[in-house]
Amino acid sequence: MSYPFWDIEIGYGIIMAFIAVIHVFIAHFAIGGGLYLVVAETIARKKNYLLKLQFLEKLSKFFVLVSVVFGALTGVGIWFIIGLLNPAATEILIHNFVWAWAAEWAFFTIEICAALLYFYGWKKLSPKNHLIIGWIYFISAWMSLFIINGIITFMLSPGDWITTGNFWDGFFNPTFWSSLWLRTGICIMLAGVYALFVASRLKADEFKKRLIRFNSLWAIVGLAIMMPTLVWYISTIPKEIYDAALESKLTPVVAMNASYINAMLLGVVIIVFGFLIPKRYNIVVGTLAMIFALSWFGEYEWMRESVRKPYVITNYMYANGIDVAKAETYQEEGLHEYIQFKTSDKPADLFRRACRSCHTMDGYKPLKQAFDGTDEAFIAGIIMGTQAIRGNMPPFVGAEDEAQMIASHIYTQIDKRHLSEIYNLEGTALGKKVYDVRCGKCHVFNGFNDKSESLLEITEEDIGDILDMAGEFAEEMPEFTGDAQERKALIDYIMSLNKKETE
Ligand code: HEC
Ligand code: HEC
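Below, the structure is looked at part by part.

What follows is about the site of ligand 2. By nearness alone, 18 residues border ligand 2, and C439, C442, H443, S454 and M477 come closest of all. H443 is positioned such that a nitrogen or oxygen atom in its side chain is 2.8 Å from a nitrogen atom of ligand 2. One of the side-chain nitrogen or oxygen atoms of N449 is found 2.9 Å away from an oxygen atom of ligand 2. The biggest single contributor to the shell around ligand 2 is helix α21 (residues 460–473), with three residues. Tallied by class, residues from the shell around ligand 2 come to 11 nonpolar, four polar and three charged. When residues of the shell around ligand 2 are assigned to domains, at least three map to each of domain 2 (333–411) and domain 3 (419–502).

Written out as structure tokens, the structure reads:
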């Protein structure tokens, strides 16, 4: 709470996704590549297979360049970004894991030195020493993963740390091992797919055939480790978190389903072109496999990041940097007095702290569209009920009059015409819009918190009564404040669904 707010126009989620995705791709490439190089070199040297050694030497250039230059740059970039986006959560990670970070940096330094020696040592070092350096490179890279894995999984499943505050409880948390083996599988798969990509450009001869099959084996072994460990990983995610994500059926579920399809596509490409017709593994196939592999990985990371919403550290800190333990105090005493860095615009400060870290007005997860054509009372009602909206938001951590202030702040920026005018609708089409805007955020027919039973099996008068009493059903549910035309359209719309159901 004692940090300034970084106010930029781009959505936070987008910036984070951009830098993090590049970094994790590269980091996992570097680890898998390390293993691939030393194993392939050992085999090639035993068989004195010169063509392959030449291929490996070329390949090692990429891995070294990538891990040294881009790995390091994007790694620092991530620190930069998370420190700006969520300083409070970054502080928790630093404080709790300071020795883990120190160890990680030590391993990274060893990794970099070994990588450089390995790359420049192909001709200058004896084969034995060259391989030893290669193993040092791989093992120190994997140890970095081991350590960072402890910290990343901590954010999703801090486990007993919440009560004990003990370093080891946080580090070896419930998702630690499943995630570690899953990521190791990903490293192996990525190494195979990348080696395939490079090999795809070779001319179609016997060497290519053998090399493509060898590389495909890596991709398939990686996939074979990834898929069961993914199921294991999901089973170790705290149940209440996972169930909440499933129920709202938004981002994490979409990401998950897409990732299954992608993994299947990748498997098919590898089996057909990698094993059955390896000479045909050309650059187009190579690029496709690469796209499938990276998309899969991106989708997995996207699921992992979104499944723990509304938290940044499960049960400990909300994604807007507010401590779960302090939420009640803020709700009783007001949030504003606890904000240390303020402007003179109180509503805008409150909006930033409470909503802005996850939403923009007009871009990423836009609020303007969600509220266009509504009124201040409705917006305030929604703010007081954010935890009932589908999509797993934190509760509003401020006092009621502060919700009012945020509502008027948002209201000044929305389209104030009536819904019928904004969207040029009438009749049941208008009614559907009214439902989507005023009810659908919390109740989806046949979906999230479905109210079909209560709404579709009653008379017109009863629906009217429900709208009159809307504010009394639940603290989180706002009153119906639409105008007479909207009210009538909404009732007609619900009645029209009603008829369809009975027919
Ligand atoms: C921790 C992040 C987070 C915070 C903080 C947050 N939201 Fe949300 N909000 C979400 C997510 C996630 C969704 C689900 C929609 C999605 O995934 O696109 C959502 C959905 C919504 C919706 C429904 C969107 C629609 O199109 O129907 C509204 C309205 C909304 N939020 C308003 C607010 C307001 C007002 C605040 C501040 C009081 C706020 N949110 C704070 C994450 C957040
Ligand atoms: C901010 C979220 C929110 C909005 C918006 C909202 N509701 Fe609700 N609604 C709730 C909650 C929470 C409850 C009570 C707990 C429950 O049943 O989930 C509830 C209860 C109800 C109930 C009675 C309980 C039942 O199971 O029969 C009905 C009917 C209902 N809502 C209809 C509506 C209609 C119609 C609208 C639009 C005019 C609407 N709601 C808008 C959150 C919301």
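A separate point is the coordination of the iron atom of ligand 2. Looking at the iron atom of ligand 2, one finds its protein donor set to be H443 (NE2) and M477 (SD), positioned 2.0 Å from the metal centre. Coordination at the iron atom of ligand 2 comes from six donor atoms whose angles at the metal span 86 to 180 degrees, giving a geometry best classed as octahedral. A residue pair is termed long-range when its members are at least 10 positions apart, and H443 in the loop between α19 (427–438) and α20 (452–456) and M477 in the loop between α21 and α22 (484–502) qualify at 34 residues. Residue M477 is classed as partly exposed on the basis of its relative accessible area of 26%.

What follows concerns the coordination of the iron atom of ligand 1. Looking at the metal site, the iron atom of ligand 1 is ligated by H359 (NE2) and M393 (SD), spaced 1.9 to 2.0 Å from it. Every donor counted, the six donor atoms about the iron atom of ligand 1 form angles of 83 to 178 degrees at the centre, which fits octahedral coordination. Residue H359 is found in the loop between α14 (346–356) and α15 (368–371), and its partner M393 is found in the loop between α16 (376–384) and α17 (400–411); the two are separated by 34 residues along the sequence. On the basis of relative accessible area, M393 is assigned to the partly exposed category, the value being 24%.

The environment of ligand 1 is formed by 21 residues, the closest being C355, C358, H359, K365 and M393. With respect to ligand 1, the side chain of H359 contributes an N or O atom lying 2.8 Å from a nitrogen atom. Elements represented by at least two residues in the shell around ligand 1 include exactly α14 and α15. Counted by class, the shell around ligand 1 contains 14 nonpolar, four polar and three charged residues.

This part is about a nonpolar patch on the surface. Side chains of W168, F172, W177, W181 and W232 sit close together on the surface and give an oily, nonpolar patch of about 550 Å² of accessible area. Note that F172 resides in the loop between α7 (167–171) and α8 (176–199). Taking relative accessible area as the criterion, F172 reaches 34% and is therefore assigned partly exposed.

In this section: unusual backbone geometry. With an omega of 10 degrees, the peptide bond running from K309 to P310 counts as cis. Mapped onto the fold, P310 is located in the loop between α12 (283–307) and β1 (311–313). Even without glycine at this site, N48 takes up a positive phi of about 50 degrees. Residue placement: N48 occurs in the loop between α1 (12–47) and α2 (50–85).

Attention shifts here to the pattern of salt bridges. Considering all chains together, one arrives at 19 salt bridges under this definition. As a salt-bridge pair, D323 and K326 come within 3.0 Å of each other at their nearest N and O atoms. Given the relative accessible area of 39%, K326 is considered partly exposed. Of the charged contacts in the structure, one is a salt bridge between D349 and R352, with a shortest N-O distance of 2.9 Å. Of this pair, D349 and R352 both sit in helix α14, separated by three residues, roughly a single helical turn. Relative accessible area serves as the criterion here: at 19%, R352 is assigned to the buried category. Residues joined by salt bridges that share partners form a network here, namely R183, E301, R304, E305 and R308.

Analysis parameters
- Residues numbered from 1 in each chain as written.
- Chains lettered and ligands numbered in written order.
- Predicted model: local features only at pLDDT ≥ 70, side-chain atom pairs only at ≥ 80, totals over all residues.
- Heavy atoms only, no water.
- Near = heavy atom within 4 Å.
- Polar contact = N/O pair within 3.5 Å; in protein donor to acceptor, adjacent residues only side chain to side chain.
- Helix = DSSP H or I, 4+ residues; strand = E, 2+ residues; numbered from the N terminus.
- Nonpolar A, V, L, I, M, F, W, Y, C, P; charged D, E, K, R; others polar.
- Domains from an automatic or database assignment.
- Donors = N, O, S within 2.8 Å, 3.2 Å for Na, K, Ca; no water.
- Tetrahedral: all angles 85-135°; square planar, octahedral: opposite > 155°, others 65-115°.
- Buried < 20%, exposed > 50% of the residue type's maximum accessible area, 1.4 Å probe, protein only.
- Patch = residues over 30% accessible without salt bridge, like charges linked within 9 Å, V, L, I, M, F, W, Y side chains within 5 Å.
- Areas by Shrake-Rupley, 256 points an atom, 1.4 Å probe, with all protein chains shown as cover.
- Salt bridge = Lys/Arg side-chain N within 4 Å of Asp/Glu carboxyl O.

None of this, on its own, says anything about what the molecule does.
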